[in-house]
Structure formats: C-alpha cells, structure tokens
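Residues per chain are reported as follows:
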Amino acid sequence: MKSLKEFSIPFTGLKLGKHQFEFVVNDAFFDEFEYSLVKKANLLCKVELDRQETMLILNFAINGTIDANCDRCLAQYPQHVDIHEQQVAKFSEEAIGEDEEIIILTKNDHEINIAGLIYEYINVAMPFITVCIDEGKTPYCDKEMLDNLNKLSANTEQDEQPDPRWDALKKFK
Ligand SMILES: [Zn+2]
C-alpha cells in the first residue's frame with residue numbers, strides 16, 4: 001500500500017481555517033485495492049480541509065472519467081463522474097466507540113489518510129447500470145454491435161422454442 005501514503009494529509013501544523021489539496025486518482029490508485037471494480041480512471045480530487053479547534057471538515061470534489069463497460073453494447077467507455085462529499089473528523093482525547101459518520105482523531109494522530117474515503121465515494125458514485133453516455137447524457141452505443149447482439153438474442157430465443165414435432169409425438173404416448 002506504498003503509494004496510498006501520498007493521500008495522507010498532515011494536519012497538526014495547519015493553521016485554523018481552510019486549506020486546499022489536490023490529488024490525481026488514476027489506475028495506480030485502484031491497483032492498490034484488490035477487489036476494486038474500477039480498474040482504470042482519470043480523476044482529479046480536490047479537498048478543502050477546514051481546520052477548526054475541535055474538528056476537521058473535509059469537503060471533497062472529485063471530477064473526471066472512469067473506464068466502464070457498457071451493459072448494452074459491451075463496449076468500454078469513459079463514464080463521467082462529478083462527486084461532492086463531506087467528512088467530519090473530530091479531535092478526541094481517546095478513541096471513543098466506532099461511528100460510521102464521524103472519524104475520531106486522538107492526540108496520537110498527526111495526519112489523516114483519505115484514500116479509503118475517495119475509494120468509497122467513487123464506488124458509490126458508479127451507476128448501477130452502465131451505458132455508453134457522453135457528458136451531455138446522450139447514449140452513444142455502437143449501433144452495429146447492438147444489432148448483432150439483438151440478432152444473437154433473437155436466435156437464442158428461437159433455439160429455445162420447443163420443436164412442435166415433439167408435441168405431436170407426445171400425443172402418441
Ligand atoms: Zn454501449
């Protein structure tokens with residue numbers, strides 16, 4: 001997990017107020033996640049870290065494309081994503097019970113690694129059904145491929161049609 005170290009933000013030296021960070025999220029990032037459905041991507045992740053007395057507020061803006069496979073024509077296409085998420089990390093003397101929503105930072109923490117958050121936000125943002133669609137939301141599946149796939153499924157359906165001769169034969173039983 002060497003390369004995910006670059007997604008750590010040291011916060012102890014930061015003044016109170018907002019600080020901007022940028023991270024490139026590409027294939028190498030997803031290589032670090034063994035079970036990632038996303039393999040190829042070209043994303044820019046902008047993080048605004050608001051350092052406050054008792055907490056950090058992290059605002060994420062992740063923008064770019066992820067290589068996806070079309071469920072209709074099976075082609076690979078760039079799926080556009082535009083993600084905005086916020087995460088709160090609270091300072092606490094000691095680690096207190098797990099809380100899904102809030103990250104707890106104890107006095108031993110000097111930096112926060114956001115790789116896991118970015119990975120989660122991107123996977124959640126991926127549409128359940130992926131279809132070739134351009135930035136203007138216009139589908140652009142390969143027509144020839146669609147025709148071939150339709151012909152193929154029509155043939156298979158035909159093959160599955162019971163042979164009427166069998167029905168005739170059944171009558172003789
Ligand atoms: Zn398609």
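Shown above is the structure to which this text applies.
The model shown is predicted, which means the values in this text are computed figures rather than measured ones. (Residues numbered from 1 in each chain as written. Predicted model: local features only at pLDDT ≥ 70, side-chain atom pairs only at ≥ 80, totals over all residues. Heavy atoms only, no water.)

Novice: Describe in detail the pairing of strand 4 (residues 55–69), supporting the description with residues and values.
Specialist: Two strands pair when backbone bridges link them, and strand 3 (residues 41–51) and strand 4 are joined in this way by 11 bridges, in the antiparallel orientation. Paired with D50 across the two strands is I57, which belongs to strand 4. Adjacent in sequence and paired antiparallel, strand 3 and strand 4 are bridged by three residues. Here strand 4 pairs with strand 5 (residues 76–91) via 15 bridges, running antiparallel. Directly across from N69, in strand 5, lies its bridge partner Q76. (Pairing = 2+ DSSP bridges. Helix = DSSP H or I, 4+ residues; strand = E, 2+ residues; numbered from the N terminus.)

Novice: How would you explain the environment of E48 if you had to name every residue and give the values?
Specialist: With respect to the element layout, E48 can be found in strand 3. Setting aside chain neighbours within four positions, we find E48 in contact with K18, H19, Q20, I57, L58 and N59. (Contact = heavy atoms within 4.5 Å.)

Novice: Kindly report on the side chain of T65, identifying the contributing residues and their values.
Specialist: With respect to the element layout, T65 can be found in strand 4. Beyond its immediate chain neighbours, meaning those up to four positions away, T65 contacts A41, N42, L43, P78, Q79 and H80.

Novice: Can you lay out the packing of aromatic side chains for me, pointing to particular residues and giving the numbers?
Specialist: Scanning all chains against the criterion turns up eight aromatic pairs. With a centroid separation of 4.0 Å and an interplanar angle of 5 degrees, the aromatic rings of F33 and Y119 are classed as stacked. Remark: Y119 occurs in helix 2 (residues 115–125) and F33 occurs in the loop between helix 1 (27–31) and strand 3; sequence separation between them is 86 residues. By relative accessible area, Y119 is classed as buried at 18%. Between F60 and Y121 the ring centres are 5.1 Å apart and the planes differ by 70 degrees, which places this aromatic pair in the edge-to-face class. With F60 in strand 4 and Y121 in helix 2, this residue pair connects regions lying 61 residues apart in the sequence. As far as burial versus exposure is concerned, F60 and Y121 are alike and both buried. Through successive ring pairs, a cluster of aromatic residues spans F7, F23, F29, F30, F33 and Y119. (Phe/Tyr/Trp six-rings, centres within 6.5 Å; stacked < 30°, edge-to-face > 60°. Buried < 20%, exposed > 50% of the residue type's maximum accessible area, 1.4 Å probe, protein only.)

Bear in mind that shape data such as this cannot, by itself, settle questions of function.
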